[in-house]
Amino acid sequence: MSPLELGILVAVVLIIVLLTGAPVAFSLGIVALGFLVAIEGPGSLTIIAETFFGGLNEFALLSIPMFILMGAAIASSRAGSDLYEALERWFYRVPGGLLISNLGACSIFAALSGSSPATCAAIGKMGIPEMQKRGYPNGLSTGAIAAGGTLGILIPPSITMIVYGIATETSIGRLFIAGLLPGLMLTALFMAWSLFYAHRKGFRFNIGDTVYSWRQKIEILPKILPFLFIIAMILWALYGGVATPSEAAGVGALFCIVLVVVIYKMWNPAGLWEIVRVAMRESVMIMMIIGTAALFSYMMSNFYITQSLAEWIAGLEVSPWLLLFYVNIFLLIAGLFLPPVAVILMTAPTLVPIIEQAGYDPIWFGVVLTINMEIGLITPPVGLNLYVINGIVPDVKLPTILWGALPFMLCMVLGIILLMLFPGIATWLPDHLMGAAQY
Amino acid sequence: MNAYIRFVAILSCLCGIAAGAMLVISVLVVCQMVALRYILVEPTIWQTEFVTYLLLSATFVGAPYLLLTKGHVNVDLVPIYLKPRARFVLALVASTLSLLFCATIAWLGVQLWLEAWENSWYSDSMWEVRLWIPYLAMPIGFGVLSLQYIADLFSLILRHEMPFGISEEDVE
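Model, not experiment: these values are computed from the prediction. (Residues numbered from 1 in each chain as written. Chains lettered and ligands numbered in written order. Predicted model: local features only at pLDDT ≥ 70, side-chain atom pairs only at ≥ 80, totals over all residues. Heavy atoms only, no water.)

> Break down the interface of chain B and chain A for me, citing the residues and quoting the values.
Every contact between the two is made by 58 residues of chain B and, on the other side, 51 residues of chain A. Note on chain B versus chain A: buried area summed over both sides is about 4,800 Å², and carbon and sulfur give 82% of it. Where chain B meets chain A, there are one salt bridge. A salt bridge links E247(A) to R37(B); the nearest nitrogen and oxygen atoms lie 2.7 Å apart. Where chain B meets chain A, there are six residue pairs in polar contact (both at pLDDT 80 or more). The set of elements that each furnish at least two residues to the side of chain B that touches chain A consists of α1 (2-39), α2 (47-68), α3 (77-81), α4 (84-118), α5 (132-135) and α6 (137-157) of chain B. In terms of residue count, α1(B) provides more of the side of chain B that touches chain A than any other element does, 15 residues in total. Taken together, the residues of the side of chain B that touches chain A sort by class into 42 nonpolar, 14 polar and two charged. (Contact = heavy atoms within 4.5 Å. Buried area = accessible area lost by both parts, 1.4 Å probe. Salt bridge = Lys/Arg side-chain N within 4 Å of Asp/Glu carboxyl O. Polar contact = N/O pair within 3.5 Å; in protein donor to acceptor, adjacent residues only side chain to side chain. Helix = DSSP H or I, 4+ residues; strand = E, 2+ residues; numbered from the N terminus. Nonpolar A, V, L, I, M, F, W, Y, C, P; charged D, E, K, R; others polar.)

> Before we move on, could you go through the nonpolar core and cite the residues and values that matter?
With 201 residues, the main nonpolar core has F52(A), I290(A), F365(A), F60(B), F101(B) and F142(B) as its most contacted residues. Among the elements that line this core, the one with the most residues is helix α14 (residues 269-302) of chain A, at 16 residues. F365(A) has contacts with Y164(A), V327(A), L331(A), L351(A), V352(A) and I355(A), leaving out every residue within four places of it along the chain. (Core = buried A, V, L, I, M, F, W, Y, C linked by side-chain atoms within 4.5 Å. Buried < 20%, exposed > 50% of the residue type's maximum accessible area, 1.4 Å probe, protein only.)

> Mind laying out empty space enclosed by the protein, listing which residues take part and the relevant values?
Within the structure shown, the criterion is met by two cavities of 30 Å³ or more. Roughly 50 Å³ of internal volume is contained in the largest cavity. For the largest cavity, the full set of lining residues is P65(A), M280(A), S283(A), V284(A), M287(A), A19(B), L23(B), L55(B), A58(B) and T59(B). Of all elements in the fold, only α14 of chain A together with α1 and α2 of chain B reach the threshold of two or more residues within the lining of the largest cavity. For the lining of the largest cavity, the element with the highest residue contribution is α14(A), accounting for four residues. (1 Å grid on protein atoms, 1.4 Å probe; cavity = no way out; pocket = protein on both sides within 12 Å on 5 of 7 lines; lining within 4 Å. Points joined across faces, edges and corners; volume = space filled by probe spheres on them.)

> Could you give me a rundown of the confidence of the model for chain B, with the residues and numbers involved?
Predicted coordinates in regions of low pLDDT should not be interpreted in detail. Residue and element names in this part refer to chain B. Chain-level pLDDT for chain B is 89 on average; 97% of the residues reach the 70-or-more range. When pLDDT is averaged over each helix and strand of chain B, the minimum, 54, is found for helix α7 (residues 168-171) and the maximum, 95, for α6. Reported confidence for the predicted complex is 0.93 by ipTM and 0.88 by pTM. (pLDDT = per-residue confidence, 0-100.)

> Just give me the short version of the layout of surface pockets, but keep the residues and values in it.
Residue and element names in this part refer to chain A. Taken as a whole, the second largest pocket encloses approximately 1,100 Å³ of empty space. Lining the second largest pocket we find 33 residues, and of these A11, L309, F330, A334 and T347 sit closest to its centre. Within the residue set of the lining of the second largest pocket, elements represented by two or more residues are α1 (3-19), α14, α15 (305-316), α16 (320-337) and α17 (340-357). Examining the composition of the lining of the second largest pocket, we find that nine residues originate from one element, α1, more than from any other. Its residues assigned to classes, the lining of the second largest pocket comprises 30 nonpolar, three polar and no charged.

> Can you tell me about the environment of V94(A), naming the residues and giving the values?
Residue and element names in this part refer to chain A. Topologically, V94 is positioned in the loop between α5 (79-91) and α6 (97-113). Overall, V94 belongs to the partly exposed group, its relative accessible area being 33%. It is 28 Å that separates the C-alpha atoms of V94 and I153, two residues lying 59 residues apart in sequence.

> I'd like to hear about the packing of aromatic side chains, residue by residue, with values.
Tallied over the full model, the rule gives 22 aromatic pairs over all chains. These aromatic residues form a ring-pair network of at least three members: F26(A), F52(A), F60(B), F101(B), F142(B) and Y149(B). Of note, R159(B) hangs over the ring of F88(B), and the distance from its end group to the ring centre comes to 4.0 Å. (Phe/Tyr/Trp six-rings, centres within 6.5 Å; stacked < 30°, edge-to-face > 60°. Lys NZ or Arg CZ within 6 Å of the ring centre and 35° of its normal.)

If you want it as structure tokens, here you go:
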């Protein structure tokens, strides 16, 4: 059997195992072990324990649990609501302003947490009931939050970017900075669609009798500024090359926990333990996938599947544009079924050399890949954010959320197209701040 | 049987607490390292390696707790659309496959640990960690994980638990 045929067999077996509903991490592991034993015999397993260990023995990975802990600390507090409240006080007069505030709050919270479901939950809990109360259509309000939440993995710090950086040996700091402008661009696109929709439907959104005074506008700021300061510090430390992502994340996590304790008076040990518990569960889940994905890619390259696949695609000699089109379609489909981290670990090491050979920038591709993964978060069957929203407002049916999220999904597709036409949206800022990339 | 299920649940919880503690310790050590390196401008020797091993251990040791609380992400596309009987069979298949993987890794982990112990392996760094210490986390984590999968299989067969945690009302 040629490596390519074997590759197809591996893919089919993996899909079948995944569809049984076994955890993604263990599915990757059992398929890897199964093929090794079947082809090379039980003796090939002697190196497995060390490979598994080696896949996780990497200091840069530490930034993942640290950023998760930081996000968990903030998500457990009322910081999400305060953020939302602050934006609402400043933008309440804008037509459809509540949507703008919500999307803005999503993008800022994304910068604090690095996780999409956490962003959805933190802003949605407060924002969706408020929008319902003021007569915003359910589809629009839930769809906007579902989409706004996906910004969590694009706007730095982002867990998926860290994983991409490690998998492809690209600079995590550079990836973070590259995600910033595209993240703001998507936020703007989301806002533009919301306003357009509101205007076209002729919604007279009930502003109500509330008027916020300047005093009210100012007094909420001290609650959110420290968190914004932490984001700024982390970005500064990363792009200035002052500290590694793991160090910046560790210090950021400690500061956020301290801030949550001081500002929101969460002294209660049970509350603090809950933060650690939530963060521990999520990081173990992600790290376990990273570990078993190392086994999977060891198996794939041991049988020359990865290399043959790359050679085969390179041999097709399709134009770079067509190649990118196919890659995007492939990523979109993979993202519909698998969590972003798994998709990146399984595909990026193979795809990135091909993409580079076709003349594209790997940092830019990291951003495009992430937006593809964002789309997967708001599309069935595994659209995580849709279920998070459904959990917050059980009275809104899943199809309503889905249809509400659809236009925002198209905004993301538009975002990808814009990034292809103007790669500078992603590469300009890192090149400007960190000097031109050297490969 | 029930005593076994309860015993393993306690074991998994203990593992979870240990993993949480490791996470907290690694935050503190990272901060100590940053303070040492950037404020006091002193060299750091053991911190980087220590937190890396700690995090790695937290991943292995935290996994049983994650299984106990159904936190491992999966694709539940097919189970949702199946009839209860078929869903039950599929849950058995999924858990058995996972158990097979976890038990194999636990077994391989024991061998790696033994090898490191008998040959007194050290890490090739300034700190020279005795490798059997971090290697211990893999057999412990995957050992308990395997026990937890056996407990899950028992719960499934005894109908203590719905397959994939999907109840009939969810499907309606």
